[in-house]
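Descriptive structure summary
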Amino acid sequence: MGTTVNGTPTQIGADPATTAAEFVRDGLGLTGTKTACNAGVCGSCTLLLDGTPAASCLLPVTALEGRAVTTVEGVGDGAEHPVQRAFAAHDAMQCGYCTPGFVVEAAAFVDRHRAEHGDTAPTRDEIADALAGHLCRCGAYPGIYAAVAAACAGEHDDDAAASAPPRAEAAEKVSGRARYTTDVRPEGCWEAVIVRSTRAHAQVQSVDAGGAPQVDLLGADRTVRYVGQPLLAVAAPTAAKARAAAEQVRVDYRDLPAAVDPATTHRPEAPVVYPTRAERGAALTHAEGGVPPARWRGNVRGPFSLGWRGATAVKRIGDAARRGDPRLVTGAFQTPAQVHTPLEPHACVARWDDSGGLHLHASTQSVMALAEAAAKHWDLPRERVHVTAEHVGGGFGAKAGLRVENIAAAELARATGAPVRLVFHRAAELTDAGHRPGARIEVNLLAGPGGDLAALTMDAYSDGGASIGGTVAVMGRLVYGHAPRRLRDFDVVTHRPPGAPFRGPNGAQLLWALEQSVDDAAHRLGEDPIALRRRWDGNRKRHALYDWAAALPVWRERSKGAASGRFRRGVGMAAANWLYLLDRSTAVDLVVEDGTVVAETGVQDIGTGARSVVADVVRGELGLPAERVAVRTGSSDLAYAPASTGSRTTASLGPAARDAAAKLREEASRRAEGAPGGSGGLDAAALAALEGVRVRGGRRRDRRGYVTPFSLSDGGTVGRGFTGAVHVMEVEVDTLLGTVRPTRCWAGISAGRMYAERPARNQCEGGVVQGIGYALYEQRRDDPLTGAVLTANLEDYRIPGIGDTPEITVHFHEKGWEHVTGGGVGIGEVSTIGVAAAVGNAVFDATGWRPHDLPIRPDRLLEGIGAK
Amino acid sequence: MARLSEGLAAAPFTDLHRVRELRGVEWRADGSARIGSTTTVAEIAADARLRSAYPALTATAGALATPQIRAVATLGGNLLQRNRCPYYRSAAFDCLQKGGDSCPARAGDHLHGTAVDQGADCVAPHPSSLAVALLAYGADVEVEGAGPRPVGDLYDGSDSTRDHVLEAGALVTGVALPVPAAGESAAYRRATSRSRAEWPLVEAVVRVVRTGGAVTEAAVAAGAVARTPLRLPEVERALVGASGPDAAAAAVAPVPALCSPLPQTGYKAVLLRDTVRDALERALEPQGGA
């Protein structure tokens, strides 16, 4: 059978059980086509069949017979398609894993639209309809809208007119050349599959994997504590054989009673997840750093308390409740498990070299920490471990440190003597790759007679499955001044999959409850919610954001009082506060090669724009054009760089790049003795004189030092000052069918100077999109009897699509960070954690009904507004 | 393919794309259409003659799934697809559709389950949107080696073990539609939480023919609420003869009483009523819906 792929006649196999996606990726090595969901949902596998986009992960390869197939590598007939230039120019991507699929679909749409309508921009709805079958977990949709509209309008036809795109690696990502770990397949590579527990709680008596190479992944206690827990991994020369070997594995379980319902796990009769002191000490955690100490009672751990005049707070609230004080706000809020589900699944390709060195190609957000942990785990000198992560298809917190896929792939590589590749299936990704734990949060908030905040109590019960580490309530210590407060955190454990840090861990849960309660207080006091926050919140940088938000026409001109009719518009806002972290050991090397300044640092780029930050700083400091600066990243053999966690990357990397540039400039002055040093750009002669020179820049100390004088266990340091955000959200509620449609959003961010403005804005836009997912759609659902995850595909676990994206305006308030070297800090977390509460407050404004449970599903909304 | 890779479907299977006779739209002398079973959903949605003859069908075809699925999904595949219940799709569970002896969704999570009891223990709604539209047209399904049968007879709402009544190896060759109704206006509506690309919580297809403002003919069908697509004759009867701005709201009033929801699907009774109402209001607009 024959087909034509990108103009080349090609033979195809006759087995219809092979998918077209497998054929182009594995058979032809055209890895620009991705497979992320394997269910026809996400669009990353989209190909053109005779010019029409089609999902290739569900298509038998035999269906390609006689057709003209175009992959992302062939879009534009060998040249760049205008839509590829448009995606680059409008920064219509972050991690880039979904980008080839979007590009293929958008190219067909743009060509068709221009043929039918000439060079005109389509409406947002037309673009959303055309791209409805694509998901971008980073939420780069605003750039995608802009890029597609501009390409349709003919703004990107001219190759030569293009200036350097805002993202350093844009060209690789729009062309499909960007190589991710899932695309790495060395010669002779074996495939590995993880075999997982089918029981929520059992003692594993024995495991029989036949003769397949295998590695045990179960702990020494031989106990499984959730459905989906890794038991072992097996490897075989092909993926099909590895799957078959996994199916042959026989596990002998001794079933034990399980506690899978977070609502009843506290009862005395519930089976205990961690019955012994030793087990409790080794309990799984979802915390980013350590876990604060607390007592256990059965399956409930806590409280871990923080507060300030806690007894006063409790007394004031008790008194107010007894006298029926209308200024007392009381509410119980609930948040679900939210799954990271980056479009590139967890993946690792491991290989041991002849001298015993370990090479890991890994989809990781911590290249350096992974290398260090691997060296420790396998007792190797650090320099014998080599971690590579050229491009990483998203992480959001779920890909940090040494993980099961790294251990399994490396052990199996040792057992087989071959490179071994392990890629999570989407079902595993949605079950056991971590999640933002759910929480139940009870809030009491009392306004005093003068309208001040008189007292606050919060009890938070975190549901991280079998893992502990909730610090939801205690994060409330950092906001709204110094009013008396009692803040208590509890972990409620069950036999369900463990959580992981997720973009603003604990913060999103806290703000869903707190920012709606503050809104409620404002309504009770008859005060503007922004004005109330401005009085209660002592943070000066956020004051600037409140002033900006209060002046927005959407806020000033919002109608007050309940709306009527089927479609109701509402406007809500929420504030957010987050820590400033940095990594003091960060270094950037600059080396001059062939007249180009090459910046080298180990940092991974998970879509946040780490490369662009380094490139922009070096270009700016040295006055160089884009083509004279290259960035080499994503390798543990390069200079030390931080993990992409805790919003710390840019605040660490930017200053180190600038320091390196300053050193190179000094060296240039030395070499050009007599020539003026000045601040002009390095010219060709200066670069020629620097050929071969290598300098290293470090991260210079902030003025006034840090909150934590020593580095934390993960290399981080807490710096001085808090980042802030204020989100204003406009929604339209359909009271007939129960939907909430976010229409416009304004995101004010206070994090100092932006090093790379467009990627920074992109990340803030993505924060809004993810927050909308949290507010309206995302909810991991588990079987109440077995604890098995039911939402194990991207149809049932619902992340926002392009049509769910409002028009977003990002505003950066850049002052207030003058004490920080480089003047700017991270935005990844503060830009998303308050969004859901802004949606909740907008829904209240529209309907008069305040949602307490996330997500705000149609059935809940209809019930809440009393539809009968 | 997804179920194959999960081990839920058994190879071998046959790729029918080369059987050209199964593909395309054929117009008969009486003005009615026959659509081959491997015609893609996108081809149905984009066919101008189908759109003027059977607007509810093309509107439904254009609204289901996503563009790149519609480009490869076929009419026959859509009618015979398996249900979306996560218990059925997950290898971790036995269920009535997989030879088990009980329905785990009943005792477990059935938020997206049925809301109309047809006598089955299985609670998975039928997923085919095209079947809802074809039911509203009273179309016939042609099965090789057997006579044509009404589309409704492809399904048995009391059977918990399968999503359609055909035996393995049976081949749907096409669908025959009746002679188009002149002056029909139609609408398709699905209730979802996201704006696009989501399986419906409930869905509705409506067709109305009006003479001088009053409805003379009406067909109303609903999906995602029962083990099979459903006609709603109570609503149809209430519509005939109705006119004016409140016709839709009045006609759908009996819908909740027709439902027999499960503990977690009570919302579907109200949502079905209002989704049908929304579709009817569109179809009854002066210009007339899709």
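Because the structure is predicted, anything quoted here is derived from the model rather than measured.

Describing the sheet that holds strand E1 (residues 25–27) of chain B
All names here are of chain B. The 5 strands are arranged E1-E2-E5-E3-E4 in an open sheet whose pairing can be described as antiparallel. Each of the sheet's edge strands pairs with one partner strand only, and the pair in question is E1 and strand E4 (149–150). In this structure, strand E3 (residues 140–143) lies alongside E4, joined through 2 bridges in antiparallel fashion. Across the sheet, the residue bridging to Val 141 is Arg 149, located in E4.

Here we look at the interface of chain A and chain B
Facing the 53 residues of chain A at the interface are 36 residues of chain B. Those elements that provide at least two residues to the side of chain A that touches chain B are strand E4 (52–55), helix H4 (124–130), strand E32 (739–750) and helix H22 (858–864) of chain A. Tallied by class, residues from the side of chain A that touches chain B come to 27 nonpolar, 14 polar and 12 charged.

Description of the confidence of the model for chain B
Per-residue confidence for chain B averages 93 on the pLDDT scale, and 93% of its residues sit at or above 70. Reported confidences for the modelled complex are a pTM of 0.97 and an ipTM of 0.96.

Regarding helix H1 (residues 20–27) of chain A
Residue and element names in this part refer to chain A. Judged by how many residues are buried, H1 sits mostly within the fold: 6 of 8 residues are covered. Turning to H1, its buried residues number three or more, namely Ala 20, Ala 21, Glu 22, Phe 23, Val 24 and Arg 25. Residue Gly 29 follows H1 closely and has a positive phi angle near 70°.

A short note on unusual backbone geometry
Residues and elements named next belong to chain A. Cis geometry is adopted by the peptide bond preceding Pro 303, which originates at Gly 302 and carries an omega value of 5°. Mapped onto the elements of the fold, Pro 303 is located in strand E14 (residues 300–308). With a phi close to 55°, Arg 309 is a non-glycine residue in the positive phi region. As for its placement among the helices and strands, Arg 309 is situated in the loop between E14 and helix H9 (310–322).

Description of the environment of Leu 776 of chain A
One can find Leu 776 of chain A in helix H20 (residues 757–776). Measuring from C-alpha to C-alpha, the distance between Leu 776 of chain A and Glu 863 of chain A comes to 15 Å, with 87 residues separating the pair along the chain.

A few points about the domain arrangement of chain A
All names here are of chain A. Assigned domains within chain A: domain 1 (2–177), domain 2 (179–256 + 346–423), domain 3 (277–338 + 435–505), domain 4 (539–578 + 720–867) and domain 5 (587–698). Computed from C-alpha atoms alone, the centre-to-centre distance between domain 4 and domain 5 is 36 Å. Each partner contributes residues to the interface: domain 4 has 15 residues there, and domain 5 has 14 residues. In the side of domain 4 that touches domain 5, the residues fall into 8 nonpolar, 6 polar and 1 charged.

What counts, and where the lines are drawn
- Each chain has its residues counted from 1, following the order in which its sequence is written.
- Written order decides the labels, with chains lettered from A and ligands numbered from 1.
- Selection of residues for local features in this predicted model requires a pLDDT of at least 70, selection of side-chain atom pairs for listing and counting requires 80 or more, and totals for whole chains, interfaces and linings are taken over all residues.
- If DSSP finds at least two bridges between two strands, the strands pair.
- Helix numbers and strand numbers start at the N terminus; a helix is a DSSP run of H or I with at least 4 residues, a strand a run of E with at least 2.
- Residues are treated as contacting if the C-beta atoms built from their backbones sit within 7 Å of each other.
- Just so you know the grouping, Ala, Val, Leu, Ile, Met, Phe, Trp, Tyr, Cys and Pro go in nonpolar, Asp, Glu, Lys and Arg go in charged, and all remaining residues, Gly too, go in polar.
- Values of pLDDT, which run from 0 to 100, indicate the predictor's confidence residue by residue.
- To sort residues by exposure, count the other C-beta atoms lying within 10 Å of each residue's C-beta; 20 or more gives buried, 12 or fewer gives exposed, and values between give partly exposed, all with C-beta atoms placed from the backbone.
- The split into domains, and so the bounds of each, comes from an automatic or database assignment of domains.

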